[in-house]
Amino acid sequence: MSVVDEKWWRECVQRHRERLVSLDRNVFDAAVCAEESTGATGQARAWLEDVVWFVPQSGQRVAVQIARLCGEGSEVTVPWRSLAEAVGIADAAGRHIAYTQRGVEALVNADWLSVESSGKGRSATTTFRLLAGELLTPEAAPRDGENGTAESAA
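Report on the accompanying structure. (Residues numbered from 1 in each chain as written. Predicted model: local features only at pLDDT ≥ 70, side-chain atom pairs only at ≥ 80, totals over all residues. Heavy atoms only, no water.)

**Looking at the overall build of the protein**
Each helix and strand in the protein was counted, giving six helices and three strands. Mapped from its N terminus to its C terminus, the protein presents α and β elements in the order α-α-α-α-β-α-α-β-β. Here the protein holds 154 residues, and 29% of them are scored as buried. In the form shown here, the protein has an accessible surface area of approximately 10300 Å², with 53% of it arising from carbon and sulfur atoms. (Helix = DSSP H or I, 4+ residues; strand = E, 2+ residues; numbered from the N terminus. Buried < 20%, exposed > 50% of the residue type's maximum accessible area, 1.4 Å probe, protein only. Areas by Shrake-Rupley, 256 points an atom, 1.4 Å probe, with all protein chains shown as cover.)

This is how it looks when you write it as C-alpha cells:
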C-alpha cells in the first residue's frame, strides 16, 4: 500500500468513526419505540394473519395498526386522527386521515371490520370491531385500484 493510499484509508476510517459516534448520540430510547414495535397478539393476531391476504394494501396497513391497538381483544375505541397517526401514511394529496378512512372502508366492504362512531367534533371516538370475513383465494383478493378503492396501481 502506498503512502497516499494509507493516508486516504486512515482518513476514511476516522470519518467513519466520527459518523458512528454521531449516530450513537441520535439513537432513540428503546422505551419510546417499544410500543410501536410490538405486534398484534391474541385474537387480533389471528385476525390479522387472515386479513392481509384479502384486502388491498391500504387496508392491510390499517389492519396492522388496528390489530396492534386491539391487543388481546377484538375491539378498540380510538379517534380517527390517532389511528391515522399510527398508520403514518398519507395518500397522494398528503392526507393521512383520508388514506386511513380508505383502508377502513376496504376492511368494512370485505366484512372484516365493523365501525361505530360516537360523539361529535374533537370528542368523537370510533369503535373498531374485528369480524371474521369471507375467506377467498388470494388470487381473487382485490388489489389497490379495484373494487371501489381510490388508490392507483402505480
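Once you've had a look at it, read on.
**Considerations on the packing of helix H5 (residues 80–87) against helix H6 (residues 96–109)**
Axes are the key here: two packed helices are described by the angle between their axes and the distance separating the axes. Two elements in contact, H5 and H6, have axes separated by 9 Å at closest approach and are oriented at 90°. Considering the angle they form, H5 stands roughly perpendicular to H6. From H5, Trp 80, Arg 81, Leu 83, Ala 84 and Val 87 reach across to H6, where they touch His 96, Ile 97, Tyr 99, Thr 100, Gln 101 and Val 104. (Axes fitted to C-alpha atoms, helices over the stretch in contact; angles between N-to-C directions. Parallel < 35°, antiparallel > 145°, perpendicular 65-115°, else oblique. Contact = heavy atoms within 4.5 Å.)

**Focus: the packing of helix H4 (residues 57–70) against H6**
Running from amino to carboxyl end, H4 crosses H6 at an angle of 90°, the nearest separation of the two axes being 7 Å. As summarised for this structure, H4 and H6 are arranged roughly perpendicular, according to the angle between their axes. For the pair H4 and H6, contact is made by Gln 57, Ser 58, Gly 59, Arg 61, Val 62, Ala 63 and Ile 66 and by Tyr 99, Thr 100, Arg 102, Gly 103, Val 104 and Leu 107, respectively. Partitioned by chemical class, the residues of the contact of H4 with H6 number six nonpolar, five polar and two charged. (Nonpolar A, V, L, I, M, F, W, Y, C, P; charged D, E, K, R; others polar.)

**Some points on the environment of Ala 84**
Mapped onto the elements of the fold, Ala 84 is located in helix H5. With a relative accessible area of 2%, Ala 84 lands in the buried category. For the pair Ala 84 and His 96, spaced twelve residues apart in sequence, the C-alpha to C-alpha distance is 5.7 Å. Once residues lying within four places of it in the same chain are set aside, the contact partners of Ala 84 are His 96, Ile 97 and Thr 100.

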